[in-house]
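# Chains, contacts and geometry: an overview
Below are the chains, spelled out letter by letter.
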Amino acid sequence: MHKTVELLDASDARKKISEQEAAAHGNLSAPAHRAWGSLLLSHAHWTARIEKRLNELGALSLESYDVLLILSYAPNCRLKMGELYDAVTLSRSGLTRLVDRLERDNLVRREVCSNDRRSFEAILTDEGEAERARCWPIYAEILAEEFACYFSDSDANELTRLLERPLKGEHIKP
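Overview of the structure. The shown structure was predicted, so the numbers you read here are calculated from the model rather than taken from an experiment. (Residues numbered from 1 in each chain as written. Predicted model: local features only at pLDDT ≥ 70, side-chain atom pairs only at ≥ 80, totals over all residues. Heavy atoms only, no water.)

Before going further, it helps to examine the packing of helix α3 (residues 30–56) against helix α7 (residues 126–146). Axis separation between α3 and α7 bottoms out at 10 Å; the angle between their running directions is 140 degrees. Comparing the axis directions of α3 and α7 gives the class oblique. Seen from above, α3 lies across α7 with right-handed handedness. In this structure, α3 contributes Trp-46, Arg-49, Ile-50, Arg-53 and Leu-54 to the contact, and α7 contributes Ile-138, Tyr-139, Ile-142, Leu-143, Glu-145 and Glu-146. Its residues assigned to classes, the contact of α3 with α7 comprises seven nonpolar, no polar and four charged. (Axes fitted to C-alpha atoms, helices over the stretch in contact; angles between N-to-C directions. Helix = DSSP H or I, 4+ residues; strand = E, 2+ residues; numbered from the N terminus. Parallel < 35°, antiparallel > 145°, perpendicular 65-115°, else oblique. Left-handed = near helix turned anticlockwise from the far one by under 90°. Contact = heavy atoms within 4.5 Å. Nonpolar A, V, L, I, M, F, W, Y, C, P; charged D, E, K, R; others polar.)

Here is the structure:
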């Protein structure tokens, strides 16, 4: 059974934020403020639930899977560490520690970049690709049960469009 989460309007402190108060902080409207809070709360809610289930089933963490997936799509399954950093939601030190663990588990290896001796590349190993492939059905099932069940395909397409707008630099206001 899913526990429901009351979003921003559940907090008396957040209820007090009115259109006027939000507008007093520059161009931030109350709906935009609420959307931001809902995005943060939803992310925290879903990642915690999904991470717990993945752990129970012995699957890779969300962050580990993300790194392996990104490397699997990269040319020759390799990226400079800086490029990998740009593609994930970890700090540089967090990514370094994660790649250390993945390397220790033989899921990735690091090599000095051939055209820039100051940089390292993370390279997906055959074991890393096999582990990513093993975990995909687990991920798909958990994502369907914990996330996708709340959205029609049309909703999901709209949510994707809206969330990708800033990533594409598509502003709605001049």
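A grouping of Trp-36, Leu-39, Leu-40 and Leu-163 is seen on the molecular surface, where their side chains present a nonpolar patch of about 400 Å² in accessible area. For the nonpolar patch, the element with the most residues is α3, which contributes three residues. By the element assignment, Leu-40 lies in helix α3. Take Leu-40: its relative accessible area is 43%, and that puts it in the partly exposed class. (Patch = residues over 30% accessible without salt bridge, like charges linked within 9 Å, V, L, I, M, F, W, Y side chains within 5 Å. Areas by Shrake-Rupley, 256 points an atom, 1.4 Å probe, with all protein chains shown as cover. Salt bridge = Lys/Arg side-chain N within 4 Å of Asp/Glu carboxyl O. Buried < 20%, exposed > 50% of the residue type's maximum accessible area, 1.4 Å probe, protein only.)

This paragraph deals with the environment of Ile-123. Tracing the chain through its elements places Ile-123 in strand β3 (residues 116–124). With relative accessibility at 4%, the residue Ile-123 sits in the buried group. Residues Ile-123 and Asn-76 lie 47 residues apart in sequence; the distance between their C-alpha atoms is 8.1 Å. Residues in contact with Ile-123, not counting those within four places in the same chain, are Leu-71, Cys-77, Arg-78, Leu-107, Val-108, Arg-109 and Glu-111.

This next bit is on the pattern of salt bridges. Under the defined criterion, the tally for this structure stands at 13 salt bridges. Taking the shortest distance from any N to any O, the salt bridge between Arg-134 and Glu-131 comes out at 2.7 Å. Here the residue Arg-134 and the residue Glu-131 both occupy positions in helix α7, the gap between them amounting to three residues, near one helical turn. Arg-134 sits in the partly exposed class, given a relative accessible area of 38%. The class of Glu-131 is partly exposed, set by a relative accessible area of 21%. Close ionic contact of Arg-161 with Glu-158 constitutes a salt bridge, the shortest N to O distance being 2.6 Å. Taken together, the residues span about one helical turn, with Arg-161 and Glu-158 both in helix α8 (residues 153–167) at a distance of three residues.

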